[in-house]
Amino acid sequence: MSSSDDFLNSGKEAGIETWRIEDFKPVKQGPAAFGKFYTGDSYVILHTQKAAGGQLSHDIHFWQGKESSQDETGASAILAEQLDAAMGGKPKEFREVQGSESPEFLQMYKGGVKYLAGGAASGFHHHEDAPHKAALFQAKGVRVTEVPLGVASLNSGDVFILDNGAKIYVWTGASASPLEKNKALTQTLALRDDKDHQGKSQVIHLEEGDVEGEDATEFFGALGASDPKSVTIATA
């Protein structure tokens, strides 16, 4: 297990620092990974806040994905304790489980959190490490989760984002909430402007019931449906 030296000089300024657990060690994540979590991984997150008088306070969150191994989840808890000890035992600690995160955790990410398929220890390829391929995301509440690429993943109650490289489609279910629409928009703009897309992707908006035209044909075609008019959308 890694020593607390991995956390030296952390928490010196207000902000959020994130480490992903890889081979029992905390690996510091860059700004591009902000708010993104792989379901096969576990993480340690340090939230540093500055009071009006300039005094710093700290919260430590160890986040565990649903497909994260027992070794990784255990390591995240141990490493969170090491970070706590390195900071004099003063921070508050929070255990975060995918889908059941604390309000304190969710409030750190104003644009919502994004769950990506795969994980470091699982052998799955992360999207940023592999050639681009289409991916479908479901916006539900404040969470955006990668789901299987197919029409069966769609439902009337949520918003879905299809990243098809040059084009990003936002498909809105008939009964999606305003919150989900807003979060989907925030995530879509972040996706368009990330290092892979560089602001060059075209964003296309589709509503449930849009089954005619080139955009609808391309959207449903990417999900495996050759005839958009034949697709049945599940209720929420």
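Residues numbered from 1 in each chain as written. Predicted model: local features only at pLDDT ≥ 70, side-chain atom pairs only at ≥ 80, totals over all residues. Heavy atoms only, no water.

### A word on helix 1 (residues 70-86)
Taking 1.5 Å of rise per residue, 17 residues should cover 24 Å, and helix 1 covers 24 Å from first to last C-alpha, within 8% of that figure. If you check which residues of helix 1 are buried, you get Glu72, Thr73, Ala75, Ser76, Leu79, Ala80, Gln82, Leu83 and Asp84. Against the buried residues of helix 1 lie strand 1 (15-22), strand 2 (25-28), strand 4 (42-50), strand 5 (56-64) and strand 6 (92-97). Of the residues one or two after helix 1, Gly88 is the one with positive phi, at around 85°. (Helix = DSSP H or I, 4+ residues; strand = E, 2+ residues; numbered from the N terminus. Expected span 1.5 Å × (residues − 1). Buried < 20%, exposed > 50% of the residue type's maximum accessible area, 1.4 Å probe, protein only. Contact = heavy atoms within 4.5 Å.)

### Observations regarding the UniProt feature "domain: Gelsolin-like" (unreviewed entry) in the protein
Under the present numbering, the feature "domain: Gelsolin-like" (unreviewed entry) in UniProt falls on residues 24-106 and 142-209. In residues 24-106, the share of helix is 25% and the share of strand is 37%. The end C-alpha atoms are 25 Å apart. Between the first and last C-alpha atoms of residues 142-209 the distance is 25 Å; the span itself is 22% helix and 32% strand. (UniProt positions renumbered as here; feature names shortened; annotations may be inferred.)

### Describing the nonpolar core
Residues Phe37, Ile45, Trp63, Phe105 and Tyr109 are the most contacted members of the largest nonpolar core, which totals 22 residues. Secondary-structure elements contributing two or more residues to this core are strand 3 (36-38), strand 4, strand 7 (113-116), strand 8 (135-140), strand 10 (159-163), strand 11 (167-172) and helix 3 (178-192). One finds Leu136, Leu154, Phe160 and Leu223 within the second-largest nonpolar core, a separate group that totals 15 residues. (Core = buried A, V, L, I, M, F, W, Y, C linked by side-chain atoms within 4.5 Å.)

### Concerning the environment of Gly35
Along the chain, Gly35 turns up in the loop between strand 2 and strand 3. Spatially, the C-alpha atom of Gly35 lies 21 Å from that of Ser69, the residues being 34 residues apart in sequence. Excluding anything up to four places from it in sequence, Gly35 contacts Tyr109, Gly112, Val113 and Lys114.

### Focus: helix 4 (residues 214-222)
Regarding helix 4, the residues found buried are Ala216, Phe219 and Phe220. The arc that holds the buried residues of helix 4, viewed along the axis, is 90°, so those residues lie on one side. Where helix 4 is buried, its residues contact strand 10, strand 11 and strand 12 (202-207). (Arc of directions from axis to C-beta.)

### Here's the deal with the sheet that holds strand 11
Here we have seven strands laid out as an open sheet, ordered 3-7-9-8-10-11-12, and mixed in their pairing. Whereas interior strands pair on both sides, the edge strands pair on one side only; in this sheet they are strand 3 and strand 12. Within this sheet the neighbouring strands show an average axis-to-axis angle of 20°, counted without direction. Bridge count between strand 7 and strand 9 (residues 143-147): three bridges; the pairing is parallel. Across the sheet, the residue bridging to Tyr115 is Thr145, located in strand 9. Lying on the sheet, helix 3 is in contact with strand 7, strand 8, strand 9, strand 10, strand 11 and strand 12; it crosses strand 10 at an angle near 10°. (Pairing = 2+ DSSP bridges. Axes fitted to C-alpha atoms, helices over the stretch in contact; angles between N-to-C directions.)

### Regarding the sheet that holds strand 6
Within the open sheet, the five strands sit side by side as 2-1-4-5-6. Their pairing is mixed. Strands at the two margins of the open sheet, each flanked by one partner only, are strand 2 and strand 6. Geometrically, the sheet is characterised by an average inter-axis angle of 25° between neighbouring strands, direction not taken into account. The sheet contact formed by strand 1 and strand 2 spans four bridges and is antiparallel. Across the sheet, the residue bridging to Trp19 is Lys28, located in strand 2. Across the face of the sheet, helix 1 comes into contact with strand 1, strand 2, strand 4, strand 5 and strand 6 while running at roughly 30° to strand 4.

### Points about the packing of aromatic side chains
Tallied over the full model, the rule gives twelve aromatic pairs. Aromatic pair Tyr169 and Phe219: ring centres 5.8 Å apart, planes at 55°, arrangement tilted. Of the two residues, Tyr169 is situated in strand 11 and Phe219 in helix 4; the sequence distance between them amounts to 50 residues. Assigned by exposure class, Tyr169 and Phe219 land together as buried. A cation over an aromatic ring shows up here: Lys114 above the ring of Phe137, its NZ or CZ 4.4 Å from the ring centre. (Phe/Tyr/Trp six-rings, centres within 6.5 Å; stacked < 30°, edge-to-face > 60°. Lys NZ or Arg CZ within 6 Å of the ring centre and 35° of its normal.)

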